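What follows is the residue order along each chain.
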Amino acid sequence: MEIRLFKKKGETPNKETGNGILGRFKQGLSRTRDILFTDIDDLFSKKRVIDDTLLEEIEESLIMADLGVDLCLKVMENVSRKSKKLSTANELKDLLKAEIQALFPGEPSAPEPTAVVKPRVIMVVGVNGTGKTTTLGKLAMKFTNEGQKVLIAAADTFRAAAIEQVSEWARRANVGIVKHRDGADPAAVAFDGVEAAIARGIDVLLIDTAGRLHTQKNLMEELKKIKRTIAKRLPGAPHEVLMVLDATTGQNAISQAKLFNEAVGVTALALTKLDGTAKGGIAVSISGTMEIPLKYIGLGEGINDLQEFNSQLFINALFD
Ligand SMILES: Nc1nc2c(ncn2[C@@H]2O[C@H](COP(=O)(O)OP(=O)(O)O)[C@@H](O)[C@H]2O)c(=O)[nH]1
Ligand SMILES: [Mg+2]
């Protein structure tokens, strides 16, 4: 099948983003918006009827945005069936938005209470380069801003540069860090982190981990060992295993998540680099195919470029 982008309008979609959270979503998702944004309006403004050609073009754009073939077919089947009664671009767009929204699991109405357990231990895992350390740094800042006492454990000891990098984030977020020399046992670092967190009355302990070792099997074994070791010092910990996925890797992110989940039991997902990709549909794809909630999205490299994921905002940011 030939996949192509819709013709783009002269104006760029992110001109009218505004400053609120929706604006941040829109700006961060501008590349995906380039594919989806107003193309439907565009087609209709040329007085096009809702016919098979139009529906095929919408389908192509959804596939381009990496919604995933199965989900895309499901959405388009419903859209095509229900669109027979529609006449305007906005009606079709609303229908499309509703069908995509239906792919997301219902979101909890009240935010979950934070720091009910103290320290709450969050272990950050994922493939090398996906944005684990960056996301951890952004979370350190977010929790600090919320008035929580944060500590970081630098359990990616595979490279000296990794320890340097996470130390820099700790400095930026103005939080403490527990670290050993590079090459040290990551489980020992995590253990010391938990111990220090308990001793210092820390609310949230963030544990950075490696995404690459000599083999994938080694990595999974190491992550399991870190998990076991933490639980020995603090039963019930880690309270969250946050897996970081890179949106630019598209559908690969899903197979990575499944692999890590089997090994260490992932409890939440973060999707980074949405600002750098037109494959923003991967967020829908993840939510539509995985049981694990998508909790955070990364919309840039800065310390404040992390947002709590909200499917409604996400869809509005893409289509409006
Ligand atoms: N544009 C963009 N870049 C990001 C985002 N999150 C991480 N990065 C970049 O991705 C690269 C790898 O990040 P890093 O945190 O070192 O990945 P790690 O190996 O998983 O720890 C760095 O250059 C980050 O600045 C994001 O949301 N948007
Ligand atoms: Mg890292």
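Residues numbered from 1 in each chain as written. Chains lettered and ligands numbered in written order. Predicted model: local features only at pLDDT ≥ 70, side-chain atom pairs only at ≥ 80, totals over all residues. Heavy atoms only, no water.

Under an unreviewed UniProt entry, the name given to the chain is Signal recognition particle receptor FtsY, and the source organism is Desulforapulum autotrophicum. UniProt, in its Catalytic activity (unreviewed entry) section for the chain, records the words "GTP + H2O = GDP + phosphate + H(+)". You can read under Subunit (unreviewed entry) in the UniProt record for the chain the words "Part of the signal recognition particle protein translocation system, which is composed of SRP and FtsY." (UniProt positions renumbered as here; feature names shortened; annotations may be inferred.)

Peer 1: Hey, could you run me through the overall build of the chain in this one?
Peer 2: Secondary structure assignment for the chain yields 13 helices and eight strands. Across the 320 residues of the chain, 53% fall into the buried class. The contacts of the chain with a sequence gap of at least 6 include a subset with a gap of at least 24, amounting to 76%. As displayed, the chain has an accessible area near 14,600 Å², and 49% of this comes from carbon and sulfur atoms. (Helix = DSSP H or I, 4+ residues; strand = E, 2+ residues; numbered from the N terminus. Buried < 20%, exposed > 50% of the residue type's maximum accessible area, 1.4 Å probe, protein only. Contact = heavy atoms within 4.5 Å. Areas by Shrake-Rupley, 256 points an atom, 1.4 Å probe, with all protein chains shown as cover.)

Peer 1: What should I look at first to understand the site of ligand 1 in this one?
Peer 2: In the neighbourhood of ligand 1, 17 residues make up the surrounding shell, with Gly-129, Lys-132, Thr-134, Asp-275 and Glu-301 lying closest. Contact between ligand 1 and Gly-298: an oxygen atom at 3.3 Å from a main-chain N or O atom of the residue. Taking Gly-300, its main chain carries an N or O atom lying 3.2 Å from an oxygen atom of ligand 1. Take the shell around ligand 1: its biggest share by element is four residues, from helix H7 (residues 132-145). For the shell around ligand 1, the per-class residue count stands at two nonpolar, 10 polar and five charged. (Near = heavy atom within 4 Å. Polar contact = N/O pair within 3.5 Å; in protein donor to acceptor, adjacent residues only side chain to side chain. Nonpolar A, V, L, I, M, F, W, Y, C, P; charged D, E, K, R; others polar.)

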